[in-house]
Amino acid sequence: MRRKIVAYSACLFVLGLIQSTVLDYIKVFNVKPNLLLAFVVVTALLRGNMEGAVIGFLSGLCLDVISGKLIGFYTLLCMYIGLIIGSVNKRLYRENFLIAVFFTFVATFTYEYTVYFFSIFLKGKGDLLFPLKAVILPEAVYNCVLSIPLFIIMLKLHYAFEDAGRASRKY
Amino acid sequence: MLRLFKSKLFILALVTITVLVIIGISSRAGSAVNTVGNALGTPLNPFQKAVAFLESKVGGIFTYFEDMKQLKKENDELRAKLDELERDSRDLNRLREENKMLRETLNLKDQFSDYESIGGNIIAKDVGNWFNIFTIDSGTKDGVVIDSPVITSKGLVGSVYQTGPLSSKVISIIDVESAVSAMVSNYIVIVRGDITLKDQGLLRMDRIPVELDLKVGDTVETSGVGGIFPKGILIGKVKEIRQGSTELSRYAVVEPAVDFRRLREVFVLVDKTKNIETGNEER
């Protein structure tokens, strides 16, 4: 349990740091990916809805603290994304990375549209079609690509946690 | 009853409601929740600063050879320009003295003499793709106050949105939620960020009076109306005028004087008179 907390905190810290600094320099089509969101999706898929929701909550909080105009908006959004994706994981063969890629795409789409809808569209500062082409689709593709290495790393962590869990149950 | 408290659904509902309340509270500028949020982010600041520093170093290596060719060309241009500037500088000195004398006689107060400038480096950018908020490495410790204007030597950048002990968040003028009252040849207009123009680093000018004869290349400055920005800070130049279906729907695209893609260092202007007031309150 303690190792798990340390591992997750380290992941969140590093991803948050990368997200707020280096990513700005590797924009593709003027869009940068959302590493923390991909992290939530991958974790939720591998570890189930409880951990998905907790990691979603913490990642969202991380996003809120680093930037964001309101504290809590990303927190809530990421928590539900983690919860919902975590709930479907039992029905799928989760060790296939294509599943992670697919869910990253869907999650990015939902996430970005929600953010856009509440913080820009409702204030009358844009239409509903523009963001799709300019931001959401490129970002979803970018996130999908990045979710593959993230998935491989998290799969290793997942096996490590499973082993640790089995070992501790013996005693 | 106990089972209810332990059920996952209950916990979920509780968390959701709590977070919704927090969102509500934090939507008020300068609320305590935002202060707590910024304090949570403070441990990241030194690391962000370190990464930003490394980036500026590493970025230099990659462009080194590319720059060499350009530098030679630029050097020649700059030499020519220097001669020109030296001549201008002499004129300027003379004019400055003259201006000072005339101001004294007219008893005009210098706009910026009330402001103290605090330097800051940009250490982090916004995590998403919708907004243009960035973090600078000076905070309340250095005397940064919420709503202070942020500038560079070239022109207006934005204003301080939230402050933390070691860092503050700055909302730039190209952000969708930013609106600045501006002045073009003595007419007041509104310059705001636009979601479709943001990526090109451009601004949109609205509420252009019908009688204003706007031309491409006109200078746009802050008007001083609204209380955040002092009068006379350069915002940019009119780049394009777009005519809507009616005369009232005319708007213009403004190119800011500041290049937001290559922004590294900024200055925060802190109103000294305001500082004294708050100081008195504390005592």
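Residues numbered from 1 in each chain as written. Chains lettered and ligands numbered in written order. Predicted model: local features only at pLDDT ≥ 70, side-chain atom pairs only at ≥ 80, totals over all residues. Heavy atoms only, no water.

**Examining the overall build of chain A**
Here is step 1 of the chain: Assigned secondary structure in chain A consists of six helices and zero strands.
Here is step 2 of the chain: Scanning chain A from its N terminus toward the C terminus, one meets helices and strands in the order α-α-α-α-α-α.
Here is step 3 of the chain: By the compact-globule yardstick of 16 Å for 171 residues, chain A fits well, its C-alpha radius of gyration being 16 Å.
Here is step 4 of the chain: Once the C-alpha set of chain A is aligned to its principal axes, its extents read approximately 60 × 30 × 30 Å.
Here is step 5 of the chain: Out of the 171 residues in chain A, the part that is buried amounts to 53%.
Here is step 6 of the chain: Residue pairs at least 24 apart in sequence account for 71% of intrachain contacts in chain A once pairs closer than 6 positions are excluded.
Here is step 7 of the chain: Accessible surface computed for chain A: about 8,100 Å², of which carbon and sulfur atoms make up 73%.
Here is step 8 of the chain: For chain A, the distance from the average position of its 17 positive side-chain charges to the average position of its 9 negative side-chain charges is 5 Å. (Helix = DSSP H or I, 4+ residues; strand = E, 2+ residues; numbered from the N terminus. Rg over C-alpha atoms; globule rule 2.2 N^0.38 Å. Buried < 20%, exposed > 50% of the residue type's maximum accessible area, 1.4 Å probe, protein only. Contact = heavy atoms within 4.5 Å. Areas by Shrake-Rupley, 256 points an atom, 1.4 Å probe, with all protein chains shown as cover. Lys, Arg positive; Asp, Glu negative; His and termini not counted. Charge placed at Lys NZ, Arg CZ, Asp CG, Glu CD.)

**As for the sheet that holds strand E6 (residues 179–184) of chain B**
Residue and element names in this part refer to chain B.
Here is step 1 of the chain: Taken together, the six strands give a closed barrel; going around it, the order is E6-E7-E8-E11-E10-E9, and neighbouring strands pair in antiparallel fashion. Within this sheet the neighbouring strands show an average axis-to-axis angle of 45 degrees, counted without direction.
Here is step 2 of the chain: Bridging between E6 and strand E9 (residues 219–222) involves two bridges; their strand directions are antiparallel. Bridging from a neighbouring strand, Ala182 pairs with Thr222 of E9. (Pairing = 2+ DSSP bridges. Axes fitted to C-alpha atoms, helices over the stretch in contact; angles between N-to-C directions.)

**Here we look at the domain arrangement of chain B**
Residue and element names in this part refer to chain B.
Here is step 1 of the chain: What the domain assignment lists for chain B is domain 1 (1–89) and domain 2 (112–271).
Here is step 2 of the chain: Each of domain 1 and domain 2 has a C-alpha centre, and these two points are 17 Å apart.
Here is step 3 of the chain: Facing nine residues of domain 1, the contacting portion of domain 2 comprises 14 residues.
Here is step 4 of the chain: With both chains or domains summed, domain 1 and domain 2 bury close to 910 Å², and 57% of this area falls on carbon and sulfur atoms.
Here is step 5 of the chain: Our enumeration of links across domain 1 and domain 2 arrives at one salt bridge.
Here is step 6 of the chain: When the shortest N-O distance is used, the salt bridge between Asp137 and Lys49 registers 3.7 Å.
Here is step 7 of the chain: Run the count over domain 1 and domain 2 and you get one residue pair in polar contact (both at pLDDT 80 or more). (Domains from an automatic or database assignment. Buried area = accessible area lost by both parts, 1.4 Å probe. Salt bridge = Lys/Arg side-chain N within 4 Å of Asp/Glu carboxyl O. Polar contact = N/O pair within 3.5 Å; in protein donor to acceptor, adjacent residues only side chain to side chain.)

**Describing the interface of chain A and chain B**
Here is step 1 of the chain: Counting residues at the interface gives 44 residues for chain A, matched by 42 residues for chain B.
Here is step 2 of the chain: Summed over both sides, the interface between chain A and chain B buries roughly 4,000 Å², with carbon and sulfur atoms accounting for 65% of that surface.
Here is step 3 of the chain: When the area that chain A buries against chain B is broken down by residue, the three leading residues are A:Val65, A:Lys69 and A:Ile71, summing to 19%.
Here is step 4 of the chain: Taken together, the connections running from chain A to chain B amount to nine residue pairs in polar contact (both at pLDDT 80 or more).
Here is step 5 of the chain: Those elements giving two or more residues to the side of chain A that touches chain B turn out to be helix H1 (2–20), helix H3 (49–66), helix H4 (73–88), helix H5 (97–121) and helix H6 (130–170) of chain A.
Here is step 6 of the chain: With seven residues, H4(A) is the largest single contributor of residues to the side of chain A that touches chain B.
Here is step 7 of the chain: Residue classes in the side of chain A that touches chain B are distributed as 26 nonpolar, ten polar and eight charged. (Nonpolar A, V, L, I, M, F, W, Y, C, P; charged D, E, K, R; others polar.)

**Some details on the sheet that holds strand E4 (residues 156–163) of chain B**
Residue and element names in this part refer to chain B.
Here is step 1 of the chain: Taken in spatial order, the six strands of this closed barrel run E1-E2-E5-E4-E3-E12, and their pairing is antiparallel. Shown here is a sheet whose adjacent strand axes are inclined to one another by a mean of 45 degrees, direction ignored.
Here is step 2 of the chain: Across three bridges, strand E3 (residues 149–151) lies against E4 in antiparallel orientation. Residue pairing for E4: Pro149 is matched across the bridge by Ser159.

**So, empty space enclosed by the protein**
Here is step 1 of the chain: Applying the stated criterion across every chain yields a total of one cavity of 30 Å³ or more.
Here is step 2 of the chain: There is about 110 Å³ of room inside the largest cavity.
Here is step 3 of the chain: Lining the largest cavity are 15 residues, and of these A:Val65, B:Asn45, B:Thr135, B:Ser167 and B:Lys169 sit closest to its centre.
Here is step 4 of the chain: Among the secondary structure elements, those contributing two or more residues to the lining of the largest cavity are H3 of chain A together with helix H3 (32–41), helix H4 (44–62), E4 and strand E5 (168–172) of chain B. (1 Å grid on protein atoms, 1.4 Å probe; cavity = no way out; pocket = protein on both sides within 12 Å on 5 of 7 lines; lining within 4 Å. Points joined across faces, edges and corners; volume = space filled by probe spheres on them.)

**A closer look at the packing of helix H2 (residues 35–47) of chain A against H3(A)**
Residues and elements named next belong to chain A.
Here is step 1 of the chain: Close contact between H2 and H3 brings their axes to 8 Å; oriented N to C, the two are set at 170 degrees. Considering their axes alone, H2 and H3 lie roughly antiparallel with respect to each other. On H3, the residues touching Leu36, Phe39, Val40, Thr43, Ala44 and Arg47 of H2 are Asn49, Glu51, Gly52, Ile55, Gly56, Ser59, Cys62 and Leu63.
Here is step 2 of the chain: Counted by class, the contact of H2 with H3 contains seven nonpolar, five polar and two charged residues. (Parallel < 35°, antiparallel > 145°, perpendicular 65-115°, else oblique.)

**Structural notes on the side chain of B:Lys125**
Here is step 1 of the chain: Counting through the fold element by element, B:Lys125 comes out in strand E1 (residues 115–125).
Here is step 2 of the chain: By relative accessible area, which is 18% here, B:Lys125 ends up buried.
Here is step 3 of the chain: In this structure B:Lys125 touches A:Ser20, A:Asp24, A:Lys32, B:Ile133 and B:Phe134, once residues within four positions along its chain are discounted.

**With respect to the nonpolar core**
Most often, soluble globular proteins have nonpolar side chains that are buried together.
Here is step 1 of the chain: Grouped together as the largest cluster of nonpolar side chains are 52 residues, with contacts concentrated most on A:Phe39, A:Ile81, A:Ile85, A:Tyr111 and B:Trp130.
Here is step 2 of the chain: At the level of elements, H1, H2, H3, H4, H5 and H6 of chain A together with H4 of chain B are the ones that each hand at least two residues to this core.
Here is step 3 of the chain: What B:Trp130 contacts, discounting residues up to four positions off in sequence, is A:Glu112, A:Val115, A:Tyr116, A:Ile120, A:Pro131, A:Val135, A:Ile136, B:Val176, B:Ile195 and B:Lys198.
Here is step 4 of the chain: The next biggest cluster of nonpolar side chains, apart from the first, holds 38 residues, and it includes B:Ile151, B:Leu156, B:Val157 and B:Leu263. (Core = buried A, V, L, I, M, F, W, Y, C linked by side-chain atoms within 4.5 Å.)

**Structural notes on the confidence of the model for chain B**
Residue and element names in this part refer to chain B.
Here is step 1 of the chain: Residues with a pLDDT of 70 or more make up 87% of chain B, whose mean pLDDT is 80.
Here is step 2 of the chain: pLDDT under 50 marks residues 276–283. Its contacts with residues more than four places away, or in other chains, come to zero contacts.
Here is step 3 of the chain: Both scores are given for the predicted complex: the pTM is 0.79, the ipTM 0.77. (pLDDT = per-residue confidence, 0-100.)

**Overview of the state of the cysteines**
Here is step 1 of the chain: Considering all chains together, one arrives at zero disulfides over all chains under this definition.
Here is step 2 of the chain: With no disulfide of its own, A:Cys11 lies 11 Å from the sulfur of A:Cys62, the closest cysteine sulfur. (Disulfide = S-S within 2.5 Å.)

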